[in-house]
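# Fold and contact review
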Amino acid sequence: MSAQIRHKIQELCEEISDHQFKYYVLDAPTITDAAFDKLWNELVTLEKKYPQYKLESSPTLQVGGGFSTSFAQFDHIEKMMSLDNVFDEKELDSWFDRIEKAGVKNSWLCEVKVDGLAINLLYEDGRLTRALTRGNGTTGEDVTLNIKTIKSVPTELSGKNLPATLEVRGEVFFPLQSFDELNDSLEEAGKPRFANPRNAAAGSLRQKDPKITASRPLDVVVHGIGAATGISFEKQSDAYELLKSWGLPTSKRYKVVATRKEVLDFIKGYEKDRHNVEHEIDGVVIKVNEISVQNTLGFTSRAPKWAIAYKYPPEEVVTKLLDIKVSVGRTGRVTPFAFMEPVKVAGSTVTNATLHNAQEIVRKGILIGDTVLIRKAGDVIPEVLAPVLEKRDGSEKAFVMPNKCPDCGSKLRAMSEGDVDIRCPNSQSCPAQVVERLFYIGSRAALDIDVLGYEAAAALLADNLVVDEADLFALTLKDLAKSAFFTKKDGSLSVIADRFIAGLELAKTRPLWRILVALSIRHVGPTSAQALANKFGSIANIQKASADELANTEGVGAVMAEAIIEWFSVDWHKQIIKKWEKAGVALVDAPKEKLKQTLEGLTIVVTGSLKDFTRDSVSEAITSRGGKASSSVSSKTDFLVAGDAAGSKLDKAQELGITILDEAGFKLLLEKGIN
């Protein structure tokens, strides 16, 4: 009887703590308040009746929302090893030769090397009991509460034949798609930006308050097993399939091959497409696939002999910082940038790199004349990370932020208290801002107007064809004949003039949400613009809406609502609306009746790339039919649409039993719904 009571109290403590974590940290309770109160009262009653069995960790002794990560140190059951590296084909061949000298036949497992934070997950009887960082390989820091906030990490394994003890090794990473959004939000809040996604992952995971970690879109991919009892497998690939069957987030980006050539093909393939992966990669890991061969080869003191990391050329290089200049963006934000000696990085030669703001320059300790470390990933503008202090010779000098706009001479100022940026307040007629806004209107992110690139935008302003964007849609071929950009050497109109006018006409019919994006209202991006368009239906209705009505729109909130009201209060902004409407720009969305609401009440997540949809158009296709386009998979997701290179969201959807559609199935759903 006493054993049953002790077990019941322990069981209630664990269940209540789990529900408190879901309520206070994840904001995702899974039971009603009444059901929780019933569990709580049952525990209190048992503890009063049997005080000798009351646990020191009982939730009745804790403050409900007081979850905190202490980073206590614990030993790994089995040491977390590192990997040896090779940097070219010659070094890789030498490693292959050493393996083959052992006289064993084997195949190779190739997988992308995630540039993240190493983690060790300990499962006991299928339940996640501890998560540790790598630390020194022997001892790591306890980040269990924070790991439990990551949706792809199961707190309990599913499936059969679960081992009594299982250490799972993996990498915590920050999805690239969300990295820039996080940095922008930190910058808006006056906080330092993360230098790269790996730092963002580490910084997000190492938060004392797990609620902060829960607010960041971290993910995990697992790639190995440490200590384990009661399981065995013949191949590394078998281990991956086993981990996947238990609900763990394994990578799809691996392949078992038989020859050196196939290994090289895998390496070169991902080097070419490395920026199309959902997370940063810095190389490829090659492992002997057969476990018996792994056991024969063994380990050095720090790394397995049966695995190697082929590292790609660095995307961080050093160069000389010749000067720091500033540029003015479409919202008036003045951004310092580095002018450098040309240097090749990530396959292209660069001379400029962003420095974000004056505070960042001071924080990083960068001086004009420094040798600096810069980083470039994919199509992202290069960023100066830090000075190389040992290269200084005393000739370096500090940068002083200008107090006047370099383009119009207006006095620069912070636009609000605590704003880390300074801005040019002459938003209507500052040439730099007008050109940037025109260029943005023509971009795919806004109205996608043929010909309206940066050079065309600059020509429209320089040749006095427009004063600002209000004049854009009233342009005619007769107007364009006055500009050298749109005419031939003999003075006749070039073909791009016709294309441009046709592009303007087409842009007039774009959906309302794209018009909202094109207006460059601070904080309003595609997702919030679609929500506003769906709720209010017209620019006029948005303009008349109260702050509360705007803020209560999904994805908007108080800060954005204030920015919208402020934008519409400006006289020259009102002129943009008036002139665009007069020119025939559609400022009212098509009535909902024109599109059958086939997705009403449905939440849909799209992952990977689709052939006939862009990221914006697929979101529009969902919301315009009454559905909700979500960016994360949860139990509330109704369908996941999986395109090419679908990532961890697909694994999560499979784990939760969510219906998965290909592009053809998605189109059918758009047309007919679920009836």
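One structure accompanies this document, and this report is about it. (Residues numbered from 1 in each chain as written. Predicted model: local features only at pLDDT ≥ 70, side-chain atom pairs only at ≥ 80, totals over all residues. Heavy atoms only, no water.)

Here we take up the overall build of the protein. Counting its regular elements, the protein contains 24 helices and 20 strands. In terms of C-alpha radius of gyration, the protein reaches 29 Å, essentially the compact-globule figure of 26 Å for 675 residues. Seen along its three principal axes, the alpha-carbon backbone of the protein occupies a region of about 90 × 65 × 55 Å. Total accessible area on the protein is roughly 33,300 Å²; 50% of this is exposed by carbon and sulfur atoms. (Helix = DSSP H or I, 4+ residues; strand = E, 2+ residues; numbered from the N terminus. Rg over C-alpha atoms; globule rule 2.2 N^0.38 Å. Areas by Shrake-Rupley, 256 points an atom, 1.4 Å probe, with all protein chains shown as cover.)

Moving on, we come to helix α17 (residues 526-536). Every buried residue of α17 is accounted for by S528, A529, Q530, A531, L532, A533 and F536. Of the residues flanking the end of α17, it is G537, one or two places downstream, whose phi is positive at about 80°. (Buried < 20%, exposed > 50% of the residue type's maximum accessible area, 1.4 Å probe, protein only.)

Within the element layout of this structure, H573 appears in helix α21 (residues 571-582). H573 sits in the buried class, given a relative accessible area of 10%. Engagement of the side chain of H573 in a polar contact is seen with the backbone oxygen of W567, the distance being 2.7 Å. (Polar contact = N/O pair within 3.5 Å; in protein donor to acceptor, adjacent residues only side chain to side chain.)

This part takes up the sheet that holds strand β5 (residues 127-133). Ordered in space as β5-β4-β7-β8, the four strands form an open sheet in which the pairing is antiparallel. Every other strand in the sheet has two partners, leaving β5 and β8 (219-228) as the edge strands with one partner each. Strand-to-strand twist across the sheet, computed as the mean angle between neighbouring axes with direction ignored, equals 30°. Set on the sheet, helix α8 (residues 236-245) makes contact with β7 (165-173) and β8; between it and β8 the angle comes to about 115°. (Pairing = 2+ DSSP bridges. Axes fitted to C-alpha atoms, helices over the stretch in contact; angles between N-to-C directions. Contact = heavy atoms within 4.5 Å.)

Right, let's talk about the nonpolar core for a bit. Counting 56 residues, the largest nonpolar core has I449, L460, L472, F473, F500, I564 and W580 as its most contacted members. Looking at this core, the elements that each hand over two or more residues are α12 (431-442), α13 (454-462), α15 (495-507), α16 (512-518), α17, α18 (539-544), α20 (557-568) and α21. Once you skip the residues sitting within four places of it in the chain, L460 turns out to touch L452, L465, V466, L472, L475, L480, F486 and F500. In this structure, V143, I150, A201 and L218 belong to the second largest nonpolar core, which totals 31 residues. (Core = buried A, V, L, I, M, F, W, Y, C linked by side-chain atoms within 4.5 Å.)

On to empty space enclosed by the protein, then. Under the counting rule described, the total for this entry stands at one cavity of 30 Å³ or more. Mapped onto the lining of the largest cavity, the elements with two or more residues apiece are β8 and α23 (648-656). Considering only residue class, the lining of the largest cavity consists of five nonpolar, five polar and four charged. (1 Å grid on protein atoms, 1.4 Å probe; cavity = no way out; pocket = protein on both sides within 12 Å on 5 of 7 lines; lining within 4 Å. Points joined across faces, edges and corners; volume = space filled by probe spheres on them. Nonpolar A, V, L, I, M, F, W, Y, C, P; charged D, E, K, R; others polar.)

Pairing is mixed across the open sheet formed by five strands, whose spatial order is β2-β11-β10-β3-β9. Strand pairing shows two members of the sheet lacking a second neighbour, β2 (85-86) and β9 (254-257), which therefore form its edges. With four bridges joining them, strand β3 (residues 108-114) and β9 adopt antiparallel strand pairing. Paired with W108 across the bridge in β9 is V257. Across the sheet, helix α3 (residues 89-101) is in contact with β2, β3, β10 (281-288) and β11 (307-311); its angle to β11 comes to roughly 170°.

Turning our attention to the state of the cysteines. Counted by the stated rule, this structure contains zero disulfides. Take C408: it sits in no disulfide, and the sulfur closest to it among the cysteines is that of C424, at 3.5 Å. By relative accessible area, which is 3% here, C424 ends up buried. (Disulfide = S-S within 2.5 Å.)

Bringing the side chain of R253 into the picture now. When you line up the elements, R253 lands in the loop between α8 and β9. For R253, the side chain forms a polar contact with the side chain of Y270, separated by 3.4 Å. Of note is the side chain of R253, whose polar atom sits 2.8 Å from the side chain of E278.

The subject of this paragraph is the pairing of β11. Most of β11 is tucked away: five of the five residues are buried. Of the two faces of β11, both are covered, the one formed by A307, A309 and K311 as well as the one formed by I308 and Y310. Relative to β11, β2 is paired through two bridges, and the arrangement is parallel. From the neighbouring strand, V86 faces β11, where its bridge partner is Y310. As defined by bridge partners, β10 adjoins β11 across five bridges and the pair is classed as antiparallel.

Let us now look at the packing of aromatic side chains. Counted according to the given criterion, the structure contains 15 aromatic pairs. Where F174 meets F179, the ring centres are 6.5 Å apart and the plane angle is 75°; that geometry is what we call edge-to-face. For F174, a relative accessible area of 2% translates into the label buried. Consider the rings of W567 and F568, whose centres lie 5.0 Å apart with planes at 80°: the pair is edge-to-face. The exposure class of W567 is buried, given its relative accessible area of 6%. (Phe/Tyr/Trp six-rings, centres within 6.5 Å; stacked < 30°, edge-to-face > 60°.)

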